[in-house]
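Working through the structure, step by step
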Amino acid sequence: MAPRRLLLVGEGNFSFAAALSETLDPSTSITATCLQRPADLTRDPLARENLQRLRERGTEVRFGVDGTQLVDAFELQDREFDRIYFNFPHCGRKAGVAKNRELLAKFFQSCADVLAEEGEVHVALCRGQGGTPADKPMREWHNSWQVVAMAALGGFILSDVHPFSCEAVPGYKCTGYRSQDKSFHVEGALNHIFTRSLPYEGLQPRISRIKLGDQWFSFLEPEVLVGKLNRGFLEAPSYHPIKTINEKLIAEMGKAFPLKRLKCSSPLLPQGDTSVLTSCHCDILSSAFWISLHEDNSNFESLTGGTTQDMEDFLVSFSELSLPKNPRRDSKEEAQEVTYGQAKVCLRPSLLIHVQALIQAPDFLPGSLYILSGPVFQKCRISPFTMPAFHETLFILGFNKNLKDGCLQSLLDHLKGILDSLLTQTLLKGSKLGSSVEFVFQPPGEDYMITVKSQNFGPDCVKDLIIGSVTTSATSIIHKDQCFVCVSMNLDLLAMLVWGISDWRMLWTFDNRFLKNFAPGKIEPFKSYSLYPPYYVHDISFWLDTKKRFDEVEFHTVARAVSQDTVISIQFLSRFQHPKTEQVSLCYRLTYQTCDKALTQQQVASMQSQLRKEIQQQLHVTPR
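Basis of the calculations
- Residues numbered from 1 in each chain as written.
- Predicted model: local features only at pLDDT ≥ 70, side-chain atom pairs only at ≥ 80, totals over all residues.
- Heavy atoms only, no water.
- Helix = DSSP H or I, 4+ residues; strand = E, 2+ residues; numbered from the N terminus.
- Buried < 20%, exposed > 50% of the residue type's maximum accessible area, 1.4 Å probe, protein only.
- Contact = heavy atoms within 4.5 Å.
- Areas by Shrake-Rupley, 256 points an atom, 1.4 Å probe, with all protein chains shown as cover.
- pLDDT = per-residue confidence, 0-100.
- Salt bridge = Lys/Arg side-chain N within 4 Å of Asp/Glu carboxyl O.
- Expected span 1.5 Å × (residues − 1).
- Arc of directions from axis to C-beta.
- Pairing = 2+ DSSP bridges.
- Axes fitted to C-alpha atoms, helices over the stretch in contact; angles between N-to-C directions.

Helix and strand content of the protein: 15 helices and 23 strands. Counting over 624 residues, the protein shows a buried share of 51%. Partitioning the intrachain contacts of the protein with sequence separation of at least 6 by distance along the chain shows that 71% fall at a separation of at least 24. Of the roughly 30000 Å² of accessible surface on the protein, 49% is carried by carbon and sulfur atoms.

What follows is the structure in structure tokens.
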């Protein structure tokens, strides 16, 4: 391992540098800096003593180094520090929180120029200054230094925080601003550890291509699903937690039933059979993402840079996708609109649409548990536990009608035992937290919702989550003497519960640090590398078009797309009707926050401005 290089910024009497130098491996080099000139320290005997100790150890000491202009202090070959320390930064005298926030912001922006790619920035702050929940007590946000928001301006996220202990560095004596005699109060102080965030660059929708019959079609992936298609979480080389939980679930089910695993690689419904889709699954299809396929006879490399996206895993055909002989337009059903050289399909909203095709197959074997797993996509409102893309596993079991009650109960008991076991694997020894699984009957039929009352996200965070469903309404004209049970499981929600992942978006991150939490086949508690990300609140109000129905789900979908899933909450505030024109206005409050990237107020303001434009164009409303 290459020697580590440490940079100490804002040293006062150099006691931290002197103490630290005695505890480190000889291969670690320290560069200790301060803003003062050498003459400013001549009257401080402790500083002179510490400087002498540092020089005897060969430690590099620099004076007159401005922590907000670090790039000016080091030549290009001398940068790339592995760790940067700034203990108790302060503008001095009676500078208010605004001035100290500005100091932090400029410091973090300066660090970005001299920190190694996987380096850390350590900032020690007095009790309450940081403004995060780690502070006890926590200051109001507006009265704190807002350290996570200031760090975001430099592209950093808070990855760890722990108490700052002077005793842990023997000989360290905290001084005040510019080594003044009055020292800072360090009781309850915290050391904040920041790391680089992935750059917040807007991902662009990709052009993808699919071959249906002898014809090639291309399409632009929906903006709201950018970064969520073709991720391969369930594929063989993956050790993503979604695959781990799926394999464990299937393996345990296999102990009670013979398994038949099906490959979810292409549409299983006949392409021309629209009746099954429209009549039996209209509730599912109402939330589907519809995509226009365009006839594509071009050289695809010119569209995608040589990367062909195989999208058959995600598409369910709505109608025959060969080019129509005559154009058809159905004004009653937008989804059936077909034009020359174009057809419409939907991204698969649920694996349940495949059930009928499976149980009608002549080779369907009663008593065997058929398994189908894959990603699905649904429009939905923004909330902490609803997601536009997730992975679903479907279990289908057929059995003799005379054995229905016993077989159904056996399946439910076995499934409950598996889920209860999975949901307790990451509990700490002696912890009373946990989850309980229930099958909630849904009258008037014989269906159940699989619900979990969970405390896996903390003692003060009890959630009742629906993670799946059990349906018994499917029938087969071929296997008339059989009953069928279909169990649908949301693998993403299950993985969140098992590992204690509080934000579903973390499952889709491109940050490699996420997967480093997971050893293949093992289940251990998840430790986030992004703590207490800042959030920003904006309100938006608009006049409705009296001639068009306002669809709130579409409003949420547009907000998701524009913000790239950084809107975590949309709260309805008020409805106003003009007394003269009777025109209606709605007002909503949007909360922006990321789970894995640095997000700044300026970026959010830009998104909010773009949202105003998009809702006017797509939803035909008039922003106020």
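Another aspect to go through is the confidence of the model for the protein. Low-pLDDT stretches of the model should not have their predicted coordinates read in fine detail. For the protein, the average pLDDT comes to 83, and 84% of its residues sit at 70 or higher. Note on residues 266-280: pLDDT under 50 across the span, and 31 contacts to partners over four residues away in sequence or across chains. Taken together, the stretch residues 316-340 has pLDDT below 50 and engages in 54 contacts with residues farther than four places along the chain or on a different chain.

What follows is about the pattern of salt bridges. Overall, the coordinates contain 19 salt bridges when judged by the stated rule. Its salt-bridge partner being aspartate 420, residue lysine 416 comes within 2.8 Å of it at the nearest N-O pair. Placement of both lysine 416 and aspartate 420 in helix α11 (residues 404-422) is noted, with a separation of four residues, approximately one turn of the helix. Put simply, arginine 589 and aspartate 539 hold a salt bridge, and the shortest N to O gap is 2.7 Å.

A few words now on α11. The end-to-end C-alpha distance of α11 is 27 Å, a good match for the 27 Å that 19 residues give at a rise of 1.5 Å each. Of the residues making up α11, those classed as buried are Lys404, Leu408, Leu411, Leu412, Leu415, Ile418, Leu419 and Leu422. Along the axis of α11, the buried positions cluster into a sector of 130 degrees, meaning they face one direction only.

Let's shift gears to the sheet that holds strand β7 (residues 190-196). The strand order β3-β2-β1-β4-β5-β7-β6 describes an open sheet built from seven strands, whose pairing is mixed. Sheet topology places β3 (60-63) and β6 (156-163) at the edges, where each strand pairs with a single neighbour. Strand-to-strand twist across the sheet, computed as the mean angle between neighbouring axes with direction ignored, equals 20 degrees. Bridging between strand β5 (residues 115-125) and β7 involves six bridges; their strand directions are antiparallel. Note on β7: the bridge partner recorded for glutamate 120 is threonine 195. Against the sheet, helix α4 (residues 97-111) contacts β1 (5-9), β4 (81-87), β5, β6 and β7, and its axis sits at roughly 155 degrees relative to β5.

Turning our eyes to something else, we now look at the pairing of strand β15 (residues 389-400). Across the twelve residues that make up β15, a large majority, eleven, are buried. With nine bridges joining them, strand β14 (residues 369-377) and β15 adopt antiparallel strand pairing. When the bridges of β15 are listed, glycine 374 appears paired with glutamate 392.

Residue proline 137 follows lysine 136 across a cis peptide bond; omega there is 0 degrees. With respect to the helices and strands, proline 137 occurs in the loop between β5 and α5 (147-152). One non-glycine residue, tyrosine 532, lies in positive phi territory at about 50 degrees. Turning to its location among the elements, tyrosine 532 is positioned in the loop between α13 (512-515) and β20 (536-543). Positive phi, close to 60 degrees, is recorded for histidine 620, a residue that is not glycine.

Whenever strands of a sheet pair, they do so through backbone hydrogen bonds, lying parallel or antiparallel. If you walk across this open sheet you meet the four strands as β21-β22-β20-β23, and the pairing is antiparallel. Edge positions in the sheet fall to β21 (567-577) and β23 (622-623), since each of these pairs with one other strand and no more. Direction of pairing for β21 relative to strand β22 (residues 584-592): antiparallel, over a ladder of nine bridges. Opposite serine 569, over in β22, you have threonine 591 as the bridge partner. With respect to the sheet, helix α15 (residues 601-618) is in contact with β20, β22 and β23, its orientation differing from that of β20 by roughly 15 degrees.

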